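The chain contents come next:
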Amino acid sequence: MSAGGQVPAEETLGSLEFVHLFEGAMPTGVSVSHTGRVFICYPKWGDDVGFTVGELRDGEMVAFPSPELNDNRSDADAERLVSVQSIVVDPADRLWLLDTGSPMFQPTEHGGPKLVCVDLATDQVVQTIVFPTDVALPTTYLNDVRFDLRRGAAGTAYITDSSDQGPNAIIVVDLATGESWRRLHEHPATKAVPPPDLRMVVEGQEFIERAEDGSTSPICMGADGIAITADGSRLFWCPMAGRRWYSVSVDALTDRSVDDDAVAATVVDEGDKGCVSDGLETDDQGRLYVTDGEHDAIHRRLPDGSWETVVHDPRLLWPDTMSVAADGHLYVTANQLYRQDKYRGGQDQRRKPYVLFRTPIDAGPVRLR
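Note that residues are indexed from 1 along each chain, following the sequence as it is written. Totals for whole chains, interfaces and linings use all residues, but because this is a predicted model, local features are given only for residues with pLDDT of at least 70 and pairs of side-chain atoms are given and counted only at 80 or more. With hydrogens and water set aside, each side-chain value is computed from the structure's full complement of heavy atoms.

- An unreviewed UniProt entry lists the chain under the name Sugar lactone lactonase YvrE, with Blastococcus xanthinilyticus as the source organism.
- UniProt positions are given in the numbering used here, feature names are shortened, and annotations may be inferred rather than shown by experiment. Within the UniProt record for the chain, the comment given under Subcellular location (unreviewed entry) is "Secreted".

Below is the structure:
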């Protein structure tokens, strides 16, 4: 026995700095504006969510852009926020709110699933894009979004449909017209990997859905994390239930004259990430980041194809969403998602606080404008 009775233990790698501790609802998304404003979202998954989008001000989370906008009147309220899964600051320093319209993963109704733009100079909503029912299906779960403001008259957005109950796809949005369309609908690369081909293990326990009666079912969430390359040429994504990730030509995605088979022909299997990832991100050095929920870590792939670990720390309990900020840090939420009651036999085993961390990366965000 070594001095002090200590035995060797797993070591950390990299550094984590606390940004905020959450004592209330579980957060998912984070995004940091060009001027350093920090925004968080809380989808309605069963916690008492006072507001689905908030801003960190003087150490406290407050409803953003207003309490009224966060007070929806129904799940089909096209004018207010229902259940926001992702928030992303675009290259023009506007905050986009991706509203699933699906509290508790319930079937969507027209008006609920939408993309809302807030001008951060005024904190006012300047655009709302409501998705038609043939784009946001009743089973659709809008998960994450990325932007290229150089494509089209006002730019283009790309969204993952991660549904665990229906078709998966990449949704493309023309920000000038509000028109949207599904691409790679039910393509194998957008689908969850079924058992026995995938066995996820977190904290020594198999990561599956467990009911109170002891019955189990696999996690079936498809296309989830999404990232666009620094030059805007390819879009990356990964199913949450899977260790491989994929990319597709953005030229093909956005060209309505290119048929679905031709789009699918540009899909590349980018290989095994070595982990299950909930979030993806890119920096202006061309490096692609992946969260590693199984090993409390974040890794990145360099432009030459090699990999390195940015941070590994046992406090990073389910790194969910990342945001590269202008201050040279990567921000990430850690929300213990896998400890929710649906995965632990009806017992909520999450332990507050949830955490917003940041780690230095000496790079800035991708700004395609």
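Topic: the overall build of the chain
Moving on, step 1. Helix and strand assignments follow DSSP, with helices taken as H or I runs no shorter than four residues and strands as E runs no shorter than two, numbered in order from the N terminus. When you go through the chain residue by residue, the secondary structure sums to two helices and 28 strands.
Moving on, step 2. Expected size for 369 residues packed as a compact globule is a radius of gyration near 21 Å; at 19 Å, the chain falls within 12% of this value.
Moving on, step 3. Along the longest, intermediate and shortest principal axes, the C-alpha atoms of the chain span 70 × 50 × 45 Å.
Moving on, step 4. When contacts within the chain are restricted to residue pairs at least 6 apart in sequence, those whose partners lie at least 24 apart make up 54%.
Moving on, step 5. With the model as given, the accessible surface of the chain reaches about 14700 Å², and the carbon-plus-sulfur share is 47%.
Moving on, step 6. For the chain, the centre of its 33 positive side-chain charges and the centre of its 59 negative side-chain charges are spaced 1 Å apart. Throughout, radius of gyration means the C-alpha value; the globule benchmark is 2.2 Å times the number of residues raised to the power 0.38. Every residue pair with non-hydrogen atoms within 4.5 Å of one another is taken to be in contact. Residue exposure ignores everything except the shown protein chains as possible cover, and the areas themselves are Shrake-Rupley values with a 1.4 Å probe. Only four residue types enter the tally: Lys and Arg on the positive side, Asp and Glu on the negative side; His and the chain ends are excluded. The location of each charge is read from NZ of Lys, CZ of Arg, CG of Asp or CD of Glu.

Describing the sheet that holds strand β25 (residues 307–312)
Moving on, step 1. In space, the four strands of this open sheet follow the order β22-β23-β24-β25, with antiparallel pairing throughout. Strands with a single pairing partner mark the edges of an open sheet, and in this sheet they are β22 (280–282) and β25. Taking each pair of neighbouring strands and ignoring which way they run, the sheet shows an average axis angle of 25°.
Moving on, step 2. Where β22 and strand β23 (residues 288–292) come together, three bridges link them in antiparallel fashion. Pairing of Glu 281 across the sheet is with Tyr 289, part of β23. A pair of strands is labelled paired if DSSP reports no fewer than 2 bridges between them. Orientation is described by axes fitted as lines to C-alpha atoms, over the contacting stretch for helices, and by angles from 0 to 180 degrees between their N-to-C directions.

A short note on the nonpolar core
Moving on, step 1. With 31 residues, the main nonpolar core has Phe 207, Ile 219 and Trp 318 as its most contacted residues.
Moving on, step 2. For this core, the secondary-structure elements that each account for two or more residues are β2 (30–32), β3 (38–41) and β28 (354–360).
Moving on, step 3. When sequence neighbours within four positions are dropped, the list of residues in contact with Ile 219 reads Ala 192, Met 200, Phe 207, Ile 208, Glu 209, Met 240, Ala 241 and Tyr 343.
Moving on, step 4. Residues grouped as a nonpolar core are buried Ala, Val, Leu, Ile, Met, Phe, Trp, Tyr and Cys residues, joined through side-chain atoms within 4.5 Å. Only protein chains enter the area calculation, which uses a 1.4 Å probe; residues under 20% of their type maximum are buried, those over 50% are exposed, and those in between are partly exposed. Grouped together as the second largest cluster of nonpolar side chains are 19 residues, Ile 170, Ile 228, Val 250 and Val 267 included.

Structural notes on the packing of aromatic side chains
Moving on, step 1. Pairing of aromatic side chains here covers Phe, Tyr and the six-membered ring of Trp, requires ring centres within 6.5 Å, and sorts the geometry by plane angle: under 30 degrees stacked, over 60 edge-to-face, intermediate tilted. Summed over all chains, the structure comprises 13 aromatic pairs.
Moving on, step 2. Pairing Phe 39 with Phe 64 gives two aromatic rings, centres 4.8 Å apart and planes at 55°, and the pair type is tilted. On the criterion of sequence distance, the pair formed by Phe 39 in strand β3 and Phe 64 in the loop between β5 (60–63) and β6 (84–89) is long-range, its members being 25 residues apart. No difference in accessibility class separates Phe 39 from Phe 64, as the two residues are buried.
Moving on, step 3. With 5.3 Å between their ring centres and 65° between their planes, Phe 207 and Trp 318 make a pair best called edge-to-face. Placement of Phe 207 in the loop between β15 (205–206) and β16 (209–210) and of Trp 318 in the loop between β25 and β26 (319–324) is noted, with a sequence separation of 111 residues between them.
Moving on, step 4. What makes Phe 207 buried here is its relative accessible area of 4%.
Moving on, step 5. Members of the aromatic cluster, joined through ring pairs, are Phe 207, Trp 318, Tyr 338 and Tyr 343.

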